[in-house]
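So the chains spell out like this:
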Amino acid sequence: MSEPLPPVLAPRYVSQFSCIGSACESTCCAGWSIGIDAGHLKDIRRALQETKADRELFESSVKRARGTQRGDHFALIVLNPKTSECRFLDGEKLCGLQRRFGEKLLPDTCATYPRRQSFVGERVEMALSLSCPEAARKALLSADAMELVDLADDTFRPPVGVQAFMDRDAYERTLDLGRLSVLEILSNASSLTAGLGTVAALAEVLGAEYARGKAFDPARVESLFEEFKAPARASALAGQIGS
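Residues numbered from 1 in each chain as written. Predicted model: local features only at pLDDT ≥ 70, side-chain atom pairs only at ≥ 80, totals over all residues. Heavy atoms only, no water.

> Which residues make up the overall build of the protein chain, and what values do they have?
Looking only at helices and strands, one finds 11 helices and eight strands in the protein chain. Expressed as a percentage of the 243 residues in the protein chain, the buried residues total 35%. Put simply, of all contacts in the protein chain between residues at least 6 apart along the chain, 67% involve residues at least 24 apart. Working note: accessible area of the protein chain is about 14,600 Å², and carbon and sulfur atoms make up 54% of it. (Helix = DSSP H or I, 4+ residues; strand = E, 2+ residues; numbered from the N terminus. Buried < 20%, exposed > 50% of the residue type's maximum accessible area, 1.4 Å probe, protein only. Contact = heavy atoms within 4.5 Å. Areas by Shrake-Rupley, 256 points an atom, 1.4 Å probe, with all protein chains shown as cover.)

Right, here's the structure in full:
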């Protein structure tokens, strides 16, 4: 019996995101190092063996990444030198591999972008890279974009792009408290400017609490978060910013 997948927490905009494909004003298949994991490299090579044209396409489109054993960068896509686009991209700006062979043939890098995953304790947290225009729209233009929600278990694709935070230092121990406090400050602020000003003021005060060599006092940090969330403190700072 397989182990149950961990709970997945994400801002609401992640659950609202869906790739818009050829309707997008940009393409995620150009201008960057697109890695291929070893398993999908074998699958792609096997799929592109039926004809001479397919074999030539594979040989010209994929190269082994020398000097690295990194799982998702075992090999690399060779970009078209004229367009800097993936050579598997078709005339409609869609993936030719997915169109012909299905989503299962996509390398992990392609299958997960723009999603970014991190382990935080016993849960997984997901966000989207804002280099994707549609992800940026969802994150920046929706009023409830940053409300934290639980996602379906099948949203998580281990082990791609996972960065672990395991309560190793003062920053990680106060991750949840800090993030929720910042979101509350921004949500309750009279304006974005006032909210960001309050967060900046809080960050300046907190800097001394996390200083190298200083004994970390979690109770003091918690009290500072509560102080800056208080409406009176936020209003006073907003007045200073406005003046």
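Text resumes after the structure shown.
> Let's hear about a nonpolar patch on the surface: which residues, and what values?
On the surface, a nonpolar cluster with roughly 350 Å² of combined accessible area is contributed by L130, L140 and L141. Checked against the element boundaries, L140 lands in helix α6 (residues 133-141). (Patch = residues over 30% accessible without salt bridge, like charges linked within 9 Å, V, L, I, M, F, W, Y side chains within 5 Å. Salt bridge = Lys/Arg side-chain N within 4 Å of Asp/Glu carboxyl O.)

> Hey, could you go over the sheet that holds strand β3 (residues 62-64) for me, with residue numbers and the actual values?
As a general point, the strands of a sheet are linked pairwise by backbone hydrogen bonds and lie either parallel or antiparallel. Strand order in this open sheet of three strands is β2-β4-β3, and the pairing throughout is antiparallel. In this open sheet, the two edge strands, each paired with only one partner strand, are β2 (35-36) and β3. Both β3 and strand β4 (residues 75-77) contribute to a ladder of three bridges, which runs antiparallel. Counterpart to V62 in the pairing with β4 is I77. (Pairing = 2+ DSSP bridges.)

> Explain α6 to me, using residue names and the numbers behind them.
Considered for burial, the residues of α6 that qualify are P133, E134, A135, A136 and A139. Residues of α6 that are buried in the fold lie against α1 (12-16) and β6 (123-128).

> Give a description of the pairing of strand β1 (residues 8-11) that names residues and reports values.
Every regular strand shows the same layout, with side chains that alternate between the two sheet faces. Residue alternation in β1 divides its side chains into two sets, V8 and A10 and L9 and P11, and both sets are buried. Taken together, the two bridges between β1 and β6 define a ladder with parallel strand orientation. Counterpart to L9 in the pairing with β6 is E125. Two strands pair when backbone bridges link them, and β1 and strand β7 (residues 148-151) are joined in this way by four bridges, in the antiparallel orientation. The residue of β7 that forms the bridge with V8 is L151.

> I'd like a description of unusual backbone geometry, backed by residues and values.
P114 follows Y113 through a cis peptide bond whose omega is 5°. Examined against the element boundaries, P114 turns out to sit in the loop between α5 (108-112) and β5 (115-120). Unusually for a residue other than glycine, S84 sits at a positive phi of about 60°. Looking at the element boundaries, S84 is found in the loop between β4 and α4 (96-101).

> For the layout of surface pockets, give the residues involved together with the corresponding values.
Within this model, the second largest pocket holds a volume of roughly 410 Å³. If you trace the second largest pocket, you find 14 residues lining it, with A143, M146, L183, L186 and S187 closest to the centre. A total of four residues in the lining of the second largest pocket trace back to one element, the largest contributor, which is helix α8 (residues 175-188). Tallied by class, residues from the lining of the second largest pocket come to nine nonpolar, two polar and three charged. (1 Å grid on protein atoms, 1.4 Å probe; cavity = no way out; pocket = protein on both sides within 12 Å on 5 of 7 lines; lining within 4 Å. Points joined across faces, edges and corners; volume = space filled by probe spheres on them. Nonpolar A, V, L, I, M, F, W, Y, C, P; charged D, E, K, R; others polar.)

> Give a description of the nonpolar core that names residues and reports values.
The biggest cluster of nonpolar side chains holds 16 residues, and the ones touching the most others in it are I36, I44, V62 and F88. Only α2 (38-47) and β4 provide two or more residues apiece to this core. At three residues, α2 tops the list of elements feeding residues into this core. Excluding anything up to four places from it in sequence, F88 contacts I44, L48, L57, S61, V62, I77, L94, C95, G96 and L97. By size, the runner-up hydrophobic cluster in this structure holds 14 residues, among which are F17, V124, C132 and A135. (Core = buried A, V, L, I, M, F, W, Y, C linked by side-chain atoms within 4.5 Å.)

> Can you break down the pattern of salt bridges residue by residue, with the values?
Counted according to the given criterion, the structure contains 17 salt bridges. For R99, the salt bridge identified is with D90, shortest N-O distance 2.8 Å. Classification of R99 as partly exposed rests on a relative accessible area of 49%. When its relative accessible area of 21% is taken as the criterion, D90 is described as partly exposed. For the salt bridge of E134 with K138, the shortest nitrogen-to-oxygen distance reads 3.9 Å.

Remember, this is a structural readout, not a statement about activity or role.
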